[in-house]
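An overview of the molecular structure
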Amino acid sequence: MSRLYIANVTATEKSRGEAWLARADLRPTRQRVLLASLLVGDGRDRHVTAEWLHDATRQSGEKVSLATVYNTLRAFTDAGLVQEITVDGTGSYFDTKLDDHPHFYWEEEGRLSDAGSEALQIVNLPDTPDGMEVAKVDVVIRLRSKT
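Residues numbered from 1 in each chain as written. Predicted model: local features only at pLDDT ≥ 70, side-chain atom pairs only at ≥ 80, totals over all residues. Heavy atoms only, no water.

Let us look at the overall build of the protein chain. When helices and strands are counted, the protein chain shows four helices and six strands. Mapped from its N terminus to its C terminus, the protein chain presents α and β elements in the order α-α-β-α-α-β-β-β-β-β. If one aligns the C-alpha atoms of the protein chain with their principal axes, the spans along those axes are about 55 × 45 × 30 Å. The buried share of the protein chain, reckoned over its 147 residues, is 37%. The contacts in the protein chain between residues at least 6 apart in sequence include a share of 48% that link residues at least 24 apart. Accessible area for the protein chain stands at about 9,500 Å²; split by element, carbon and sulfur atoms hold 48% of it. A distance of 8 Å separates the average location of the 18 positive side-chain charges in the protein chain from that of its 23 negative side-chain charges. (Helix = DSSP H or I, 4+ residues; strand = E, 2+ residues; numbered from the N terminus. Buried < 20%, exposed > 50% of the residue type's maximum accessible area, 1.4 Å probe, protein only. Contact = heavy atoms within 4.5 Å. Areas by Shrake-Rupley, 256 points an atom, 1.4 Å probe, with all protein chains shown as cover. Lys, Arg positive; Asp, Glu negative; His and termini not counted. Charge placed at Lys NZ, Arg CZ, Asp CG, Glu CD.)

The structure is reproduced here in structure tokens:
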């Protein structure tokens, strides 16, 4: 397979992005490799919005439409590479850390971060409707400055 050139993305970042896509058996298109490299190329977990990722592509010197970013994030989510966290009705964050863990949402900054799970206990959940089971529980703790 020929190596794609992507401006302002190191060979290590690109290699990590390609390996990440390969784990999910996703075809490594130029756009997917670029977005994967920006998401996981430095080896750190992150929480991003589609808009943040779109801005990062422009800063990398590449042109990718916002619609392509949304479609690619959907493909990454469907492939199990990221999880989508909906904070409110205005948008979603995409988390590269896949284990179950709670989040802090910093209201004044519009930022999502991991919260420690050591003290978190979910003791009782409501009964589910007939024929349904709990698929996942998302815990988002909203923070704001004390007044």
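From this point, things continue past the structure.
Once that is clear, we can look at the packing of aromatic side chains. Counting across every chain of the model gives three aromatic pairs. Ring plane angle 80° and centroid distance 5.0 Å describe the contact between Trp20 and Phe76, whose orientation is recorded as edge-to-face. Taken together, the residues span a long stretch of sequence, with Trp20 in helix α1 (residues 11-23) and Phe76 in helix α4 (residues 66-78) at a distance of 56 residues. The buried category is assigned to Trp20, whose relative accessible area is 5%. A relative accessible area of 0% places Phe76 in the buried class. For the pair Tyr93 and Tyr105, a centre-to-centre distance of 6.0 Å together with 65° between the ring planes defines the contact as edge-to-face. One end of the pair, Tyr93, is in strand β3 (residues 91-95); the other, Tyr105, is in strand β4 (residues 103-106), and 12 residues separate them in sequence. (Phe/Tyr/Trp six-rings, centres within 6.5 Å; stacked < 30°, edge-to-face > 60°.)

Where charged atoms from two side chains of opposite charge come close, those side chains can pair. One pass over the full model with this rule turns up 11 salt bridges. Here Arg74 makes a salt bridge to Glu84, at a shortest N to O gap of 3.1 Å. Of the two residues, Arg74 is situated in helix α4 and Glu84 in strand β2 (residues 83-88); the sequence distance between them amounts to 10 residues. Its relative accessible area of 27% is what places Glu84 among the partly exposed residues. For Glu109, the salt bridge is made with Arg111, and the minimal N-O distance between the two is 2.7 Å. You can call Glu109 exposed: its relative accessible area is 52%. Salt bridges sharing common partners tie together Asp42, Arg44 and Arg46. (Salt bridge = Lys/Arg side-chain N within 4 Å of Asp/Glu carboxyl O.)

Geometry only, nothing functional implied.
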